[in-house]
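Structural characterization, general
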Amino acid sequence: DTEVTQTPKHLVMGMTNKKSLKCEQHMGHRAMYWYKQKAKKPPELMFVYSYEKLSINESVPSRFSPECPNSSLLNLHLHALQPEDSALYLCASSREPGQDSYEQYFGPGTRLTVT
Amino acid sequence: GNSVTQMEGPVTLSEEAFLTINCTYTATGYPSLFWYVQYPGEGLQLLLKATKADDKGSNKGFEATYRKETTSFHLEKGSVQVSDSAVYFCALSDRIQGAQKLVFGQGTRLTINP
């Protein structure tokens, strides 16, 4: 199983809503990532979890709150978002943190629209 | 800091044409290099990788060679198909705060016409 799954596939939320994105992998990977991708741009790294601990926060606004409940799950909690936060949110995982030869496996993404 | 520069797109070719997408990088040391592909409405998929100088990555008819002398990792395919239409990202692996960070190029949109 070399799959990263993400739910939901699409999400529309108002600026006062609270919602969560979910990511799951069963490959035994110990590093997990959240990326944000705007149209016609490369993915931008948001957060990295290494061994279930937050190791990188790329100066992401606090309205985005990541959580890693266990080694297979990664959540992104959303609150009071802005329309400019509308984007494709991608989750990824890799075998070992800090090993640059290992590729990252990406999920299909959640298409988020903030109204 | 480390960076990746890709040839600007979009690129439009006819089926069975030869493809080259240029990628050069700037880095301290010798990072691992990757090509990812993104089909419409999907996430990124690893296409191929190379982890040291002179390594050649290959997959699905695509190839790229890690050239230390020219700091390049150009993607090539001898005969493209309509199904190869996608966005292609070149990336290098950087390490910060003990974690891996992928540094992406801007992406090249490829369209193959029948």
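Before reading on, note that the structure itself is shown above.
Keep in mind that this is a model prediction, so the values were computed, not measured.

Here's the deal with the sheet that holds strand β8 (residues 62-65) of chain B
Residues and elements named next belong to chain B. Taken in spatial order, the four strands of this open sheet run β3-β9-β8-β7, and their pairing is antiparallel. This sheet does not close on itself; its edge strands, each paired only once, are β3 (19-21) and β7 (56-59). Each strand axis lies, on average, 15 degrees off the axis of its neighbour in the sheet, ignoring direction. Bridge analysis of β3 against strand β9 (residues 75-77) gives three bridges, and the strand direction is antiparallel. Its bridge partner being in β9, Leu 19 is matched across the sheet by Lys 77.

Considerations on the nonpolar core
Ranked by internal contacts, the top residues of the largest apolar core, which has 26 residues, are Trp 35, Leu 48, Phe 73, Leu 75 and Tyr 88 of chain B. At the level of secondary structure, the elements contributing two or more residues to this core comprise β3, β4 (23-26), β5 (33-38), β6 (44-50), β8, β10 (86-96) and β12 (108-113) of chain B. Residue contributions to this core peak at four residues, all from β10 of chain B. Look past the residues within four positions of Phe 73 of chain B in its chain and what remains in contact with it is Cys 23, Leu 33, Phe 34, Trp 35, Leu 48, Lys 49, Ala 50, Ala 64, Thr 65, Tyr 66 and Cys 90 of chain B. The next biggest cluster of nonpolar side chains, apart from the first, holds 23 residues, and it includes Met 46, Phe 47, Tyr 49 and Leu 112 of chain A.

Cut-offs used in this document
- The residue numbering used here restarts from 1 in each chain and proceeds along that chain's sequence as written.
- For naming, the first written chain is A and the first written ligand is 1, with later ones following in the order written.
- Where totals are concerned, whole chains, interfaces and linings use all residues; where local detail is concerned, this predicted model gives features only for residues with pLDDT of at least 70, and gives and counts side-chain atom pairs only at 80 or more.
- Water and hydrogen atoms play no part in the side-chain values, which are based on all heavy atoms of the structure.
- Two strands are said to pair when DSSP picks up at least two bridges between them.
- Counting from the N terminus, the helices are the DSSP runs of H or I reaching at least four residues and the strands are the DSSP runs of E reaching at least two.
- In this analysis an axis means a line fitted to C-alpha atoms, helices contributing only their contacting stretch, and an angle means the value between N-to-C directions, from 0 to 180 degrees.
- Put simply, buried Ala, Val, Leu, Ile, Met, Phe, Trp, Tyr and Cys residues joined by side-chain atoms within 4.5 Å make one nonpolar core.
- Exposure classes here rest on a 1.4 Å probe applied to the protein chains alone. A residue is buried below 20% of its type maximum, exposed above 50%, and partly exposed in between.
- By the convention used here, residues are in contact when the closest approach between their heavy atoms is within 4.5 Å.

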